[in-house]
Structure formats: structure tokens, C-alpha cells
Amino acid sequence: MASRRRRAESYSDDEDTSHSSRKRRRASDNIDIEDRLESLITRVGEKSTSSLESNLEGLSSVLEADLPNYKGKIIRILCECVTRLPEKMAVYSTLVGLLNAKNYNCGGEFVELLVRNLKETMKSGEYENARLIVRFLSDLVNCHVVVAASLLAMFDNFIEVTLEDNIPQVRSDWFCYAVMGALPWVGKELHEKREAEFSKLLMMIDNYVSKRQKIHVPALRVWSTDMPHPQEEYIECLWAQIKNLRNNKWVEKQIVRPYLAFDGILCEALQHTLPQIIPPSHNDEQGYPLPSVIFRMFDYTDVPEGVVLPGSHSIERYLIEDQLSRTIHTYSTERKDCAATLLSFPSKNKIPLNYMIVEVLFSQLLQLPRPPFLEVFYGSLLIELCKLQPGSMPQVLAQATEMIYERLDTMNTTAMERFVSWFAYHLSNFQFRWSWDDWAGCLEADHELPKAKFISEAMHKALRLAYHQRITETVPEVFMPLMPLKPESEFKYEKEGSGALPGTMTAHQLIQAIKGRCTPEEAMVLLKDLPNPLSDEESDPTYHPLRIDVFVSVLLHLGSKSFSHSFAAIAKFHNLLKMLADTEEGQIWLLRTMYEVWWSHHQVNTLCTRAGVHTNS
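Residues numbered from 1 in each chain as written. Predicted model: local features only at pLDDT ≥ 70, side-chain atom pairs only at ≥ 80, totals over all residues. Heavy atoms only, no water.

**Q** Explain the environment of K88 to me, using residue names and the numbers behind them.
**A** Here K88 shows up in the loop between α2 (52-84) and α3 (89-102). In the structure, K88 is positioned 99 residues away from G187 in sequence and 19 Å away in space, judged by C-alpha atoms. Discounting chain neighbours no more than four positions away, the residues touching K88 are T42, R43, V44 and E46. A polar contact of 2.6 Å, which involves the side chain of K88, links it to the backbone oxygen of T42. (Helix = DSSP H or I, 4+ residues; strand = E, 2+ residues; numbered from the N terminus. Contact = heavy atoms within 4.5 Å. Polar contact = N/O pair within 3.5 Å; in protein donor to acceptor, adjacent residues only side chain to side chain.)

Next comes the structure, spelled out in C-alpha cells:
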């Protein structure tokens, strides 16, 4: 009996193990299939030996077969692609259209989830994602997934925000901009199917744009004049581009529309009506996107013959710049991928792509009040672009630099500071080689004027990225008046005539003591005998300027060999520094002493001050 019971238990254990193994295998298979689906969806539209249309047709059939088991997963992936891969928007709208034609319920669930995402992004302040969803919903009208009238109703609700009272203009601006940004995709369809309602919408937009306040424009302009290129407010510029598009009967030459190849299939599909989408109510804590001024640097006369730069009021200019900006945003953490993707722009052979990339990058770098990403990102990305296209990109970048240099007299100070930092960084990566002779004219004028000041500030910035000797050996000698002085510490207790200075003897004793690895307590013993020059003026002085002067001068002098030496000295004696400068007056005197030692090298002053603050905190 016991033997049979053990065998039965053994069989039971085997069955449990087998059942558990099957469950794990099924779970693993499901994960593999889901990963495969995600890979297929996210990579559609990339380089392939087959045409985009055949790839879409094949993918839609594969997804249709998987809908019974993985519909939720497929819909979620497609919704994520709307905001994560906006450069392939028309590819995914076509794919959704094909799925909707094959499975009406799938199309309905996708639209429902996308509308839910739109409401959530608007409520949570993710306005860029919300703008992309609005654009995608518009393109679904072209794919016969969404009823045109329901999209117009959503647009009307958005534009009605401009009639609200007691709201900041940035709120109404965003809703108007979201609608205008979608019109290049869906304008023609709305004009053909709902001309009267569409004309009414356009009239409301025109009324709003004409009455908007533009008091922010002077503060956001990179240049104070409109010569040679006007610096237009972003909504006014886009509206001018939209009006040109309307005059051209809503025909543009930039958007790739793969769904046109499937018109026979898509036009027979049942469409979905969007639910009513009401913009969330305003609250004072909500942060809306800031307005901007469109940056213009090139026109058609600046680019080589054979390619045409779209005019500033052509919708193609907006579409290209928007796609380039979205690419930069998508790959902002991977400069190599970002550069490669920018240079593989779909219609690169029809446009002066390098010029437009450089213009968009400088527009973001110089954007006021702040750039979208770290300044160093733009510098490293431009270097990567120069590496990938060494035969053309450096020349375009040099031309852009020359153009900005010629306009320095009217340039915003903050934008100029960023331009200085970028130029110094760029020079340091190209061995400080530049056509310096072309800029020698600035030396004949006042050195405080913008052009000479730009070169001087750039050299000071470059000093942080190279040695003084390296810069002076590369830059022509004629520019030496604009060069920073050779950075050397000034130790007054070793200069001629220093014997008459109070504290000189103590300073030399302190040098020997610190070289002999004395402790902070032993250093303080030497400093105690110094008389306080404030004793004659105050009965109870709050700080001892001579002790601070002697100790800080000696410490920075001994650490002048490198930053590491300075930081190590400050770290070792930070308690003594804290004791000597325990009042606000003492701290001010300490900073003054540091400046006297390193007045010729601002970076050392800054970093030593920061090291002291961080050590004492």
C-alpha cells in the first residue's frame, strides 16, 4: 500500500511539473509573439526590398490573423506609435485604415483608445503628444476611418476656447495651433466634403489670429531687426502658410500619403464618429506651451543651384521643419542616431537638406527664453553631422556661422552668449581652425563692439576646453589683443616688496607647514599670532581679514598646479576655511581674496568657489 501510494504521489508530482512547464511555455510563447508583433509594427516603413504598399498590405493581413488573441496588444502598440514615431504617421494611419476595412470593431476600439489618450494628455499637460494625436485623428479622415463631420466638430470645440474669458492667451493659442497644424493633412478632404462648415472654421481662426496680443514678440526675437529675414510670431507665420495652402486648393508637395494606393479598399469601409471631445477647463496651475518666434537664417539665394528652398510662407517649409524638429526630439538622447536619421530625410534630394537641418538646429539652440535641450547636445549633434557628411555639412555650417556673425550687432544678448559657447566648443573639436582673416576687420573698431566682443568671449570660453598655449599657437597673432591673459596665480607674498606686507613671514611659514603635511589645527596655530587690522576700528570685529588673506592665498598658491590640487587643498582644510569665514563679511573677504589670486582665470575662481560651497554644505 505504501509503495502504491508513493508511486501515485510520484505520478501526481510529475503531472504538476508537466502542467507548470506547459503554462510557462505558453506564457513564453505569448511574450515571443507579442515582441514579434511590436517589432513588425514599429519597423514598418523602414528600408525594405519590397514597396511600402506591399509591406502594409502584408502586415495588415498578419495583424488581422492575430486579432482574435492579441487585439488589445495590437491596438496599444499602434496608439503608442502615434506619439513615439510621428514621422511615420501616414504609414500608421494607412495601417489602421486597412485593419478597419477588415475588422470594423478593431477600428472602433482603436479610435476609442486614441480619443481617451487625447483627453488624458490634454488634462495632464502633455501638449506635444496631444497635438500629434489631433493630427493623427485628422489623417484618419483621409483613410475613411473617422467621419469628417465629427472631426470638424472637435475642431470647432477647440477653436471655441479662443472665446473663453479670463484665460491666458497661451491656452487659446495652443488649441488654435493644434487645429492649424492638422490642416495640411486634412484640409483638402474637409474642403471637398464639408466646405461650408470648414470655411466657417477658417473664418473663426482668422478672427482670432488678427486680434491676438503680440507683446511677447520683442522678448523672443533673436534679432531686433527684420533685415534680411523677418522674424515672425509662430501662429502668424503658420496662418500665413495655411492661407497659401488654401489658395493652392489645399495641395501640398511634401506629405507622403500611402493610403492613396488603397483608396479602392478604404472607401468601402464603414467609418466611426468621434465622440464629443470637450477641452478640459482651465486652471491656474496648468502650464501651457510658450509662444515662439520663427527663426529664419537662409532664403533661396543662399543655397546652391539645383535644389529649391521652400519659401518662408509655403506650407512645405513648415512641414519639413516640423518633421526635423520631431526627429531631434525623438532622438535627443542619441546624437549618432539623431544625425543619421536627420540625413536620411525622405525627400532629401528635392530640398537643400543640410541648410534646413542647420537652420532648425540653430533655431532651437538660440530659442528664447531657453532651448528645448542642453546646449552641448546641439554642439555634439552638429559635430556628428559634420563627420557623416564631411564634404558638405562643414561648409554649410561655416556659412551659417558667418551669417550670424555679420548680424551680431542686432542679436539678443542671451542668444549671443549661447552662440559664443557653441562656437568655442565647435572650435575645440576642430583644432581651433577657422578662416580668422575674414574677421580681422573687427580689430580696427572698438573692442567693446559686438563682433570683437564675440571673438574675445569665444576665446575665454575656449580656454576652458584647451590650454592657453594651444589657442595662441593656432589663432593668428593679430588677434592677440582679444586673447585672454595667460592664466597664472598671483601670490603677493612672493612678489618684489612683499616683505613690507603684514603676514608675509606667516605666509612663508604656512607654506612650509602645509608642504610638511600639517593638520588644520597646526595651521591655525600659525595664523593665531596675526594681528587683526580691524581691531583699531571695531571693539569686537566679526572676522579677521588678514588671517583669511594669508591662508587662502597660500592654499590657492600651493594648489595652482591643477584643479585637482586646488580641490584637494580645499577639501583638506575646509573646516578651517569655515571657521575663518563664519560670518557674511568673512565670506565676502574670502571671495575677494580668491579673486585676487586668480583674477586672470575666471574658471578657476568659479570652480574653487563651487568646491568650497559643496564641501561646506
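**Q** Can you lay out helix α5 (residues 127-142) for me, pointing to particular residues and giving the numbers?
**A** Here α5 spans 24 Å end to end across 16 residues, near enough to the 22 Å set by a 1.5 Å rise per residue. Most of α5 sits inside the fold, with 14 of its 16 residues counted as buried. Following α5 by one or two positions, H144 adopts a phi angle in the positive range, close to 60 degrees. (Expected span 1.5 Å × (residues − 1). Buried < 20%, exposed > 50% of the residue type's maximum accessible area, 1.4 Å probe, protein only.)

**Q** Report on the domain arrangement of the chain, specifying residues and quantitative values.
**A** Entries for the chain in the domain assignment read domain 1 (35-44 + 51-267), domain 2 (316-482) and domain 3 (498-615). Here the C-alpha centre of domain 2 lies 33 Å away from the C-alpha centre of domain 1. Every contact between the two is made by 29 residues of domain 1 and, on the other side, 21 residues of domain 2. Summed over both sides, the interface between domain 1 and domain 2 buries roughly 2,000 Å², with carbon and sulfur atoms accounting for 54% of that surface. Three residues stand out in domain 1 for area buried against domain 2, namely V222, W223 and Q254, and they jointly supply 34% of the buried area on that side. The interface formed by domain 1 and domain 2 includes three salt bridges. Across the salt bridge formed by D322 and R131, the nearest N and O atoms sit 3.3 Å from each other. The interface formed by domain 1 and domain 2 includes ten residue pairs in polar contact (both at pLDDT 80 or more). (Domains from an automatic or database assignment. Buried area = accessible area lost by both parts, 1.4 Å probe. Salt bridge = Lys/Arg side-chain N within 4 Å of Asp/Glu carboxyl O.)

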